Amino acid sequence: MYKSDQRVDFGERTTTLKSLFMGNDKAGIYHAESDGKISFFHYGIRFPDELNDIQSRLTYISDGDHLLVLSETTLVAFEDGVWRSLPKDKVVKALIKLSEQVGQLHDQNIWLHGVRKKELYWDAKKSELVLVAYPRVRKDDSHKEETVWRDFKILSVLLYEAFQNRKFPGGHEIATWLQNKAHLQREGLMYPGVTQFLAGAVSPYGDLAFANWQDVKRSLFQISKELEEVSGFAVGQHSTIGNYIFRKNNQDSCGFIQLGAICGSKKYKSGFFCVADGIGGIKGGERASGLSVESACSGFARAWAQIGSEGLAESPTYYARLVAKNVGQTLAEAGEFFPEENSGGTTLSGMIIARDRVGICHVGDSRIVLVRKGILYSLTTDHTLATILTNLGEKTAEEIANDDLSNRTISRFMSTSIEVDLDRIDNFGAVAKENFPEIDLLGYLIVEKGDMFILTSDGAHGETDDDGTLALVMENRDSPQRVAEALTKNAVAKVGRDNSTALVVLAL
Amino acid sequence: MAHSSKEVLDLIRGWKEPVDPDLSKQHALPPLATFVSGSNRLNIYGTEVYLGRFHPQQGPVDLLFYNFEDHEIYKFAAPHVRLVLERNQWYLRPKAPNCWTSVNGVELGSTSIRTPISTGDTIRIGCVDFVFEDHSQQLKRWLEKKKELFRSATQTTLFLKRGGEICGPRFLLGDLKKVILGRSFNPVYEKKYGYQQPDWNLSSLLDVERKFIAFRHLAFFRDGPEWTVESLSTRQKVYINRRELSSTGLLTPGDEISLGNVCFHFHDPSNFEASTTRKTADLPAAIDWGEGSRTDVTTISSEDEDSDV
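With respect to the overall build of chain B
Of regular secondary structure, chain B possesses six helices and 24 strands. Expressed as a percentage of its 309 residues, the buried residues of chain B come to 39%. Sequence-distant contacts, at least 24 apart, represent 51% of the contacts inside chain B between residues at least 6 apart.

Some details on the overall build of chain A
Of regular secondary structure, chain A possesses 18 helices and 23 strands. Across the 508 residues in chain A, those meeting the buried criterion constitute 47%.

Concerning the pairing of strand E16 (residues 216-223) of chain B
Residues and elements named next belong to chain B. By the bridge criterion, five bridges tie strand E14 (residues 178-182) to E16 in an arrangement that is antiparallel. Across the sheet, residue lysine 178 finds its bridge partner in E16, namely phenylalanine 221. The sheet contact formed by E16 and strand E17 (residues 226-231) spans six bridges and is antiparallel. Its bridge partner lying in E17, aspartate 223 is registered against glutamate 226.

Focus: the confidence of the model for chain A
All names here are of chain A. Considering every residue of chain A, the mean pLDDT works out to 84; 83% of them sit at 70 or more. Per-residue pLDDT stays below 50 along residues 18-29; that stretch engages in 40 contacts with residues further than four places along the chain or on separate chains. A low-confidence stretch, residues 43-48 stays under pLDDT 50, and its non-local contacts, those more than four residues away or across chains, total 14 contacts.

As for unusual backbone geometry
What is expected of a backbone is that most residues other than glycine have negative phi and most peptide bonds are trans. Residue and element names in this part refer to chain B. Note that the residue after alanine 78, namely proline 79, is joined by a cis bond; omega there is -10°. Topologically, proline 79 is positioned in the loop between helix H2 (70-74) and strand E5 (81-86). Even without a glycine there, the phi angle at asparagine 88 is positive, about 65°. Within the element layout of this structure, asparagine 88 appears in the loop between E5 and strand E6 (89-94). Residue asparagine 104 is not a glycine yet carries a positive backbone phi of 50°. Considering the arrangement of structural elements, one finds asparagine 104 in the loop between strand E7 (101-103) and strand E8 (106-107). Look at asparagine 104 and you get exposed, because 12 C-beta atoms sit within 10 Å.

As for the packing of helix H3 (residues 88-106) of chain A against helix H4 (residues 146-164) of chain A
Residues and elements named next belong to chain A. Their axes nearest at 10 Å, the elements H3 and H4 cross at an angle of 175°. On the basis of their axis angle, the class for H3 and H4 is roughly antiparallel. Along the contact surface, H3 presents Lys88, Val91, Leu95, Leu98, Ser99 and Val102, while H4 presents Asp151, Leu155, Leu158, Leu159, Ala162 and Phe163. The class makeup of the residues in the contact of H3 with H4 is nine nonpolar, one polar and two charged.

What about the sheet that holds strand E10 (residues 122-125) of chain B?
All names here are of chain B. In space, the six strands of this open sheet follow the order E2-E1-E11-E10-E7-E8, with antiparallel pairing throughout. Unpaired on one side and paired on the other, strand E2 (40-44) and E8 mark the two borders of the sheet. Looking at chain direction, strand E1 (residues 33-37) and E2 are connected through five bridges and run antiparallel. Residue pairing across strands places serine 37 opposite asparagine 40, the latter belonging to E2.

Details of the sheet that holds E17(B)
The strand order across the open sheet formed by five strands is E15-E14-E16-E17-E20 (chain B), and the pairing between neighbours is mixed. With partners counted over all chains shown, the strands left at the sheet margins are strand E15 (200-201) and strand E20 (248-250) of chain B, one partner each.

A closer look at the interface of chain A and chain B
Taken residue by residue, the interface counts 30 residues in chain A and 30 residues in chain B. When residues of the side of chain A that touches chain B are traced back to their parent elements, those giving at least two are helix H9 (282-314), helix H10 (316-337) and helix H11 (385-392) of chain A. The leading source of residues in the side of chain A that touches chain B is H10(A), at 10 residues. The residue inventory of the side of chain A that touches chain B, partitioned by class, reads 12 nonpolar, 11 polar and seven charged.

With respect to the nonpolar core
Taken as a class, soluble globular proteins show a tendency for nonpolar side chains to be buried jointly. All names here are of chain A. By size, the foremost hydrophobic cluster in this structure holds 141 residues, and its most contacted members are Cys274, Ala296, Ala303, Val323, Met351, Ile454 and Leu455. Considering every element that reaches this core, the biggest residue donor is H9, with 11 residues. Here alanine 296 is in contact with Phe272, Cys274, Val323, Ala324, Val327, Leu348 and Gly350, once residues within four sequence places are set aside. Judged by nonpolar contacts, the second largest core, of 43 residues, contains Trp122, Tyr160, Phe210 and Ile223.

A look at the domain arrangement of chain B
Residue and element names in this part refer to chain B. Segmenting chain B into domains produces domain 1 (33-138 + 284-304) and domain 2 (152-276). A separation of 26 Å is found between the C-alpha centroids of domain 1 and domain 2. Between domain 1 and domain 2, the contact holds 15 residues from the first and 14 residues from the second. The set of elements that each furnish at least two residues to the side of domain 1 that touches domain 2 consists of E2 and strand E4 (63-64). Of the residues that constitute the side of domain 1 that touches domain 2, the class distribution is 11 nonpolar, three polar and one charged.

Brief notes about the packing of H4(A) against helix H7 (residues 194-201) of chain A
All names here are of chain A. Taken N-terminus to C-terminus, the directions of H4 and H7 make an angle of 150°; their axes are 9 Å apart at the nearest point. Crossing of H4 against H7: the hand is left-handed. The segment H4 lies against H7, with Phe152, Lys153, Leu155, Ser156, Leu159, Tyr160 and Phe163 engaging Val194, Phe197, Leu198 and Ala201. Taken together, the residues of the contact of H4 with H7 sort by class into nine nonpolar, one polar and one charged.

As for H10(A)
Taking 1.5 Å as the rise per residue, H10(A) with 22 residues should run 32 Å; its terminal C-alpha atoms sit 32 Å apart, in good agreement. Among the 22 residues that make up H10(A), 21 are buried, leaving the element largely enclosed by the rest of the structure.

Considerations on the pairing of strand E12 (residues 157-162) of chain B
Residue and element names in this part refer to chain B. Across the six residues of E12, six count as buried, placing the element largely inside the fold. Alternating residues of E12 divide into Thr157, Phe159 and Lys161 and Leu158, Leu160 and Arg162, and every residue in both groups is buried. Strand direction decides the pairing type here: E12 and strand E22 (residues 262-267), joined by five bridges, are antiparallel. Opposite leucine 160, over in E22, you have phenylalanine 264 as the bridge partner. Pairing between E12 and strand E13 (residues 165-172): five bridges, direction antiparallel. Residue pairing across strands places lysine 161 opposite isoleucine 166, the latter belonging to E13.

Structural notes on the environment of A:Gln214
The topology assignment puts A:Gln214 in helix H8 (residues 213-227). For the pair formed by A:Gln214 and A:Pro169, sequence separation is 45 residues and the distance between their alpha carbons is 26 Å.

Some thoughts on the confidence of the model for chain B
Residue and element names in this part refer to chain B. Chain-level pLDDT for chain B is 89 on average; 90% of the residues reach the 70-or-more range. Low pLDDT, under 50, characterises residues 292-309; the stretch is placed with 27 contacts to residues that sit more than four places away or in other chains. Both scores are given for the predicted complex: the pTM is 0.76, the ipTM 0.90.

Re H8(A)
All names here are of chain A. Counted at 1.5 Å a residue, the expected span for H8 with its 15 residues is 21 Å, and the 21 Å between its end C-alpha atoms agrees. Within the span of H8, buried status applies to Trp213, Val216, Lys217, Ser219, Leu220 and Ile223. The arc that holds every buried residue of H8, seen down its axis, measures 160°, which confines them to one face. The inward-facing, buried residues of H8 abut H3, H4 and H7.

Here we look at the environment of A:Phe256
Residue and element names in this part refer to chain A. You can see phenylalanine 256 is positioned in strand E13 (residues 252-263). Phenylalanine 256 sits in the buried class, given 22 other C-beta atoms within 10 Å. Separated by 247 residues in sequence, phenylalanine 256 and leucine 503 place their C-alpha atoms 8.7 Å apart. Look past the residues within four positions of phenylalanine 256 in its chain and what remains in contact with it is Val235, Gly271, Phe272, Phe273, Cys297 and Leu503.

Procedures and definitions
Residues numbered from 1 in each chain as written. Chains lettered and ligands numbered in written order. Predicted model: local features only at pLDDT ≥ 70, side-chain atom pairs only at ≥ 80, totals over all residues. Helix = DSSP H or I, 4+ residues; strand = E, 2+ residues; numbered from the N terminus. Buried ≥ 20, exposed ≤ 12 C-beta atoms within 10 Å, placed from the backbone. Contact = placed C-beta atoms within 7 Å. Pairing = 2+ DSSP bridges. pLDDT = per-residue confidence, 0-100. Axes fitted to C-alpha atoms, helices over the stretch in contact; angles between N-to-C directions. Parallel < 35°, antiparallel > 145°, perpendicular 65-115°, else oblique. Nonpolar A, V, L, I, M, F, W, Y, C, P; charged D, E, K, R; others polar. Core = buried A, V, L, I, M, F, W, Y, C linked by C-beta atoms within 7 Å. Domains from an automatic or database assignment. Left-handed = near helix turned anticlockwise from the far one by under 90°. Expected span 1.5 Å × (residues − 1). Arc of directions from axis to C-beta.

Printed below as a string of structure tokens:
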């Protein structure tokens with residue numbers, strides 16, 4: 001048996017054992033200090049099979065009899081201060097993960113006989129608690145009812161301390177408070193879902209006690225749902241024919257469909273928002289853009305009905321692009337069966353918001369921008385000849401800026417004759433990917449409260465620059481409707497050669 | 001992902017698009033050459049093929065350049081080059097005046113000169129560099145497989161072509177009187193307006209192919225031993241041996257029928273030799289795709305084709 005502060009040699013590496021936990025010497029993992037870094041020292045010849053999961057997460061070196069596990073750089077020892085400063089939703093998510101980790105062991109009849117804080121490490125990168133030491137671990141086919149309670153007692157401590165920012169008073173004390181609502185009120189322990197969890201976690205037996213780890217996880221899940229905010233969005237939209245004498249009609253369209261529901265403990269928040277700028281003759285353009293918006297919104301509604309908000313939130317960009325793909329087919333059908341009425345085409349820039357996630361689809365030169373904390377970010381790249389010539393290096397930025405024809409010539413659009421192929425339906429542009437790393441990592445943008453998404457046709461954004469747009473947004477920031485109107489009215493006041501449309505979504 | 005894109009599209013559509021798994025099968029023949037650009041591998045399955053972009057005025061290309069950036073596509077002509085395999089040697093010939101084509105850095109200026117190319121050569125088409133891979137050592141196997149495919153059809157059959165040659169999927173015309181090619185459409189048009197769904201539903205073609213197929217694109221009629229075709233679509237074109245079909249046309253064995261850029265081979269086993277010999281596939285004209293000179297159209301005669309080395 002090793003002792004605290006004992007030095008152990010692993011070839012060229014020497015480590016000093018710290019905080020040695022006493023316990024079962026075949027499954028214990030202890031932590032140690034090596035080269036100034038915290039590492040884990042596994043006491044025993046090899047990892048037991050049951051600990052493969054932990055083993056797979058760590059890299060280690062061995063002296064033949066012992067393993068020195070090199071810690072993941074993001075893991076740090078549990079600290080009360082760090083834990084209590086975490087947002088409540090992160091706390092609950094971390095506890096859910098921990099309950100799963102313990103649950104995996106329980107499923108193999110491995111019982112921990114209690115978990116202490118010093119056996120937990122915090123993975124700041126993943127916002128996860130990692131159980132690194134099992135000093136009292138035991139395999140037991142005939143475990144008693146309270147073994148579940150014993151292994152999850154730590155969760156009530158962690159939950160209480162993070163929510164109340166003070167030391168856990170003890171299970172008996174909590175059990176007493178739970179009998180008396182006035183007492184709970186005095187203690188400020190009134191969080192929905194939390195009291196139910198504490199009641200389960202401090203009860204070794206009886207109706208309230210947790211039967212298994214799934215029971216624990218379910219109870220934590222209820223708290224996480226309670227913490228979800230579903231304020232939703234405020235939406236404004238405006239579209240105008242403009243006042244240019246050669247514009248006979250408004251060929252722009254925009255629209256949205258917003259769905260909000262609370263079904264038991266599940267809260268749904270999702271919507272589809274889009275603009276479309278028709279091209280190809282007076283009648284054809286108006287018809288194509290209108291049909292696109294209708295088809296996109298109804299397609300989204302059908303997807304929502306079958307897949308649900310939670311499903312859409314898994315991959316909003318994937319679904320947004322498929323909504324656009326279906327619009328392409330709808331336009332091609334209309335073009336073939338009713339060619340007289342359907343001869344044009346349209347741009348389409350659309351956005352799915354599901355939960356706190358945004359995915360987009362984009363074809364043409366309409367735009368989606370995000371204004372976050374006073375900064376404007378382009379979420380789309382224009383599909384124009386100007387972009388092509390820029391990418392080819394055939395024109396300078398200045399030449400392109402002054403090249404009206406290149407800026408007005410679009411390189412992709414939704415057609416009533418040829419159905420757009422999925423590869424040509426774009427998602428987030430380069431600027432968005434540079435500024436929001438989650439797009440490359442997860443495939444979607446994460447919404448923040450106060451985010452304002454602005455979808456415009458070129459008639460609106462073509463009459464101002466980013467600074468001008470930002471100024472109009474900041475002047476009217478509390479009202480999406482006023483922002484939409486300000487953007488279109490600005491276009492009318494300028495040269496205004498085109499129809500002008502803006503749809504604005506404010507995340508509340 | 002819980003659902004495949006096909007399943008999700010069916011949910012979004014509100015109706016289920018029928019699937020023909022044959023249409024997404026791998027090519028039945030071995031490739032004879034490959035154009036490689038990064039991870040994009042474009043296989044050539046025929047011995048004389050046009051490569052480039054599709055433009056309705058110019059008719060189909062055998063190998064469509066896709067999965068490229070907009071600015072790269074912008075520099076592709078329709079078609080851009082013609083590739084011919086003769087006596088185990090590939091020859092490349094530019095087909096679009098004033099559009100960049102080079103082999104190992106040497107520009108191929110003239111559309112009347114063809115250049116031999118071999119494995120490892122870098123071919124620049126527009127602004128994209130391709131590395132050429134010659135697989136013509138598989139020619140013998142390719143010929144056997146091709147013959148085998150044709151032999152497997154005992155009645156008049158329409159074969160799908162990809163990359164310049166028949167690839168496996170087929171539709172048996174046999175004794176049928178009338179056959180419509182197209183792709184399935186929203187049943188509303190069927191129920192409300194009486195349009196009939198196509199007999200050969202091509203909606204399971206690759207995305208880049210199916211977009212050229214109209215919902216009711218082309219009708220085949222049989223009168224005795226003869227088959228005629230009639231273009232049904234007002235929006236998508238039909239070509240017989242690369243010439244645009246204006247209304248109806250009589251088919252002969254071995255004809256190449258193209259719906260947009262998707263080509264089919266009309267095979268009549270009772271006339272096997274004629275039916276399996278590829279007909280001259282000339283372009284109607286070469287268009288100068290260079291900017292500002294789109295009206296400069298040069299007529300190409302069939303004698304002009306690959307007669308000079």
